[in-house]
Amino acid sequence: MVDGFRPADLQEALEFRAQHPSIPIAGGTDLMVQKARGFGLKPDFNKPLLFIGHLRKLRQISVRDGNIHIGAGVLLSELLKNGIIPESLKMAVRQMASPPSRNLATIGGNICNASPAGDTLPHLYAVDAKLILKSVSSERIVHIGEFITDPKQNTLGHDELLTKIIIPNKLFNVNYYRKVGQRKGMSLTKAAFLGMADIERDIVTDIRIAFGSVAPKIVRSQEIEKTYIGKPTFEMNTAIPEILAKYAPLIRPIDDARSTAAYREKVSLRLLEDFLWKLC
Ligand SMILES: Cc1cc2nc3c(=O)[nH]c(=O)nc-3n(C[C@H](O)[C@H](O)[C@H](O)COP(=O)(O)OP(=O)(O)OC[C@H]3O[C@@H](n4cnc5c(N)ncnc54)[C@H](O)[C@@H]3O)c2cc1C
């Protein structure tokens, strides 16, 4: 049995995936921690590794038909340097890990890891990101909300790779991302909040709201967002208690080693309130 395979290109990677049960590894910053067994011991991989972090086809960022196409193997540090990437995604990436980890970790790894604390996810849910999943013989496009089914669970086929993330090439004029942890840098997320809005002549023309780490999946409600499109900003001020009350039942955090459910709930709603005040 091979322990690992480093394909020359994406085609070879997909052929290997079709022929062998395998674990794709991009930056390895999630996998190596999850499979670590302790000093001096090999990580506990039960299938051969398929190295994909070097594949050029997965490392490209381009604009096509009004959308931004981001290769799944694009590094977090590359997202920060690229002029096309929207500011609200960059705000989240800046708060992820450390510069050395961001030089290894990929956006595709963050998505496939499917953690409710994944920092790129609130933005990707808020913009209805589409994912391209490829195998040797097929290609499918899936909404991110359908790809991630539960914490650490996704619908990736045994012969597939995530190759691209497609997001609209749209900028919002209010961008807000806050992650609350034990400390400022390199912190594990207790709760995360993303808010984006477009304000034109004191009218809210678009608004997107997403919460991380407060439910099994990222929390977003298009129904609530739609209610406030077209509202004058001065009315948002008086609507704040009503908006908080609408989101409160959607926030269903758990107690774990990082935080308590009660703290997560309180801080998430406070972040929402802070964002809403910025619109007024
Ligand atoms: C010290 C440290 C700090 C961290 N801080 C943060 C943080 O602040 N915020 C945060 O969100 N995360 C954080 N992480 C987690 C991690 O760095 C990110 O989730 C990162 O984006 C994972 O990318 P990767 O390329 O390293 O993934 P990998 O570890 O290579 O892979 C992760 C998972 O995705 C699968 N996978 C990867 N790429 C593909 C693909 N193209 N197609 C199919 N499957 C694929 C792998 O099989 C694996 O299951 C941290 C990790 C460490 C070690």
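Please refer to the structure placed before this passage.
Within each chain, residue numbers correspond to sequence positions counted from 1 in written order. Residue-level local features of this predicted model are given only where pLDDT is at least 70; pairs of side-chain atoms are given and counted only at 80 or more, and the full residue set underlies all totals for whole chains, interfaces and linings. To obtain the side-chain values, all non-hydrogen atoms of the structure were included, while hydrogens and water were left out.

1. Let's talk about the overall build of the protein chain
Helices and strands together make up the secondary structure of the protein chain, namely eleven helices and 13 strands. For 280 residues, the compact-globule formula gives about 19 Å, and the C-alpha radius of gyration of the protein chain, at 20 Å, lands near that figure. Expressed along its principal axes, the backbone C-alpha trace of the protein chain runs to roughly 65 × 45 × 30 Å. Note on classification: 1.4 Å probe, protein chains only; a residue is buried when its accessible area is under 20% of the maximum for its type, exposed when over 50%, partly exposed between these limits. Considering the protein chain as a whole, with its 280 residues, one finds that 49% of them fall into the buried category. Considering only contacts within the protein chain whose residues lie at least 6 apart along the sequence, 62% involve residues at least 24 apart. Accessible area for the protein chain stands at about 13,800 Å²; split by element, carbon and sulfur atoms hold 53% of it. Note that His is not counted, nor are the chain ends; the positive residues are Lys and Arg, and the negative ones are Asp and Glu. One atom stands in for each charge, and that atom is NZ of Lys, CZ of Arg, CG of Asp or CD of Glu. Measuring between centres, the 38 positive side-chain charges of the protein chain sit 5 Å from its 29 negative side-chain charges. Each helix is a run of DSSP H or I of at least 4 residues and each strand a run of E of at least 2, with the numbering of both proceeding from the N terminus. Radius of gyration means the value over C-alpha atoms here, while the globule rule gives 2.2 Å times the residue count to the 0.38 power. By the convention used here, residues are in contact when the closest approach between their heavy atoms is within 4.5 Å. Accessible surface area values rest on a Shrake-Rupley calculation with a 1.4 Å probe, where residue burial reflects the displayed protein chains alone.

2. Let's talk about empty space enclosed by the protein
The probe, sized like a water molecule, is rolled over the atoms to show the empty space still left. The method works on a 1 Å grid over the protein atoms by themselves. A cavity is a set of points holding a 1.4 Å probe that cannot get out, a pocket is an open set with protein on both sides within 12 Å along at least five of seven lines, and residues with an atom within 4 Å of a point line them. Grid points are joined across faces, edges and corners, and a volume is the space filled by probe spheres set on the points. On inspection of all chains with the given rule, the structure shows two cavities of 30 Å³ or more. In this structure, the largest cavity is lined by Pro86, Glu87, Ser88, His123, Val127, Ile167, Pro168, Lys170, Leu171, Phe172, Asn175 and Met196. We call Asp, Glu, Lys and Arg charged. Ala, Val, Leu, Ile, Met, Phe, Trp, Tyr, Cys and Pro are nonpolar, and the rest, Gly among them, are polar. Considering only residue class, the lining of the largest cavity consists of seven nonpolar, three polar and two charged. A volume near 40 Å³ is recorded for the second largest cavity. What lines the second largest cavity is Ile207, Ile209, Ile224, Glu225, Tyr228, Met236, Ile243, Tyr247 and Leu276. For the lining of the second largest cavity, the secondary structure elements donating two or more residues are strand E13 (203-212), helix H9 (222-227) and helix H10 (233-247). Among the elements that make up the lining of the second largest cavity, the one with the highest residue count is H10 (three residues).

3. Section: the sheet that holds strand E6 (residues 130-134)
The strand order E4-E5-E10-E6-E7 describes an open sheet built from five strands, whose pairing is antiparallel. Only two strands of the sheet have a single neighbouring strand rather than two, namely strand E4 (61-64) and strand E7 (139-143). The sheet shows a mean angle of 25° between the axes of neighbouring strands, direction not considered. Pairing of E6 with strand E10 (residues 161-168), which is carried by five bridges, proceeds in the antiparallel orientation. Paired with Ile132 across the strands is Lys164, a residue of E10. Two strands pair under a simple rule: DSSP has to find at least two bridges between them. Each axis is a line fitted through C-alpha atoms, and for a helix only the stretch in contact is used; angles between axes span 0 to 180 degrees, taken between their N-to-C directions.

4. Examining the nonpolar core
In summary, soluble globular proteins display a tendency toward joint burial of nonpolar side chains. What is meant by a nonpolar core is a set of buried Ala, Val, Leu, Ile, Met, Phe, Trp, Tyr and Cys residues, joined one to another through side-chain atoms within 4.5 Å. Formed by 38 residues in total, the largest nonpolar core has its most connected members in Ile70, Leu79, Ile111, Leu124, Ile144 and Ile165. Per-element tally for this core: the top contributor is helix H7 (residues 121-126), with four residues. Taken domain by domain, the makeup of this core includes at least three residues from each of domain 1 (4-168) and domain 2 (174-279). With near-sequence residues (within four places) excluded, Ile144 lies in contact with Ile111, Leu121, Leu124, Tyr125, Ala129 and Leu131. Core analysis: the second largest hydrophobic core is formed by 30 residues, Val174, Ile243, Leu269 and Leu276 among them. Note that domain bounds follow an automatic or database assignment of domains.

5. Thoughts on the site of the ligand
Around the ligand sit 29 residues in total, of which Pro24, Thr29, Asp30, Thr106 and Asp119 are the nearest. Any pair of N or O atoms that falls within 3.5 Å is considered a polar contact. Within protein, one atom must be able to donate a hydrogen and the other to accept it, and sequence-neighbouring residues count only if both atoms are side-chain atoms. Note that an oxygen atom of the ligand is positioned 2.5 Å from one of the backbone N or O atoms of Pro24. Measuring from an oxygen atom of the ligand, one finds a backbone N or O atom of Ala97 at 3.0 Å. Considered on its own, the ligand offers 980 Å² of accessible surface; in the complex 85% of this is hidden by protein. Whether a residue is near a molecule or strand depends on its heavy atoms: if one lies within 4 Å, it is near.

6. Here we look at the pairing of E4
The sheet contact formed by E4 and strand E5 (residues 67-71) spans four bridges and is antiparallel. Bridge pairing in E5 links Arg64 to Asn67. What sits between the antiparallel neighbours E4 and E5 is a turn of two residues, in which Asp65 has the positive phi angle 50°.

7. Considerations on the layout of surface pockets
Taken as a whole, the second largest pocket encloses approximately 230 Å³ of empty space. Along the wall of the second largest pocket there are 14 residues; nearest its centre are Lys57, Gln60, Arg64, Thr163 and Lys164. Within the residue set of the lining of the second largest pocket, elements represented by two or more residues are E4, E5, E6 and E10. Taken together, the residues that form the lining of the second largest pocket break down as four nonpolar, five polar and five charged.

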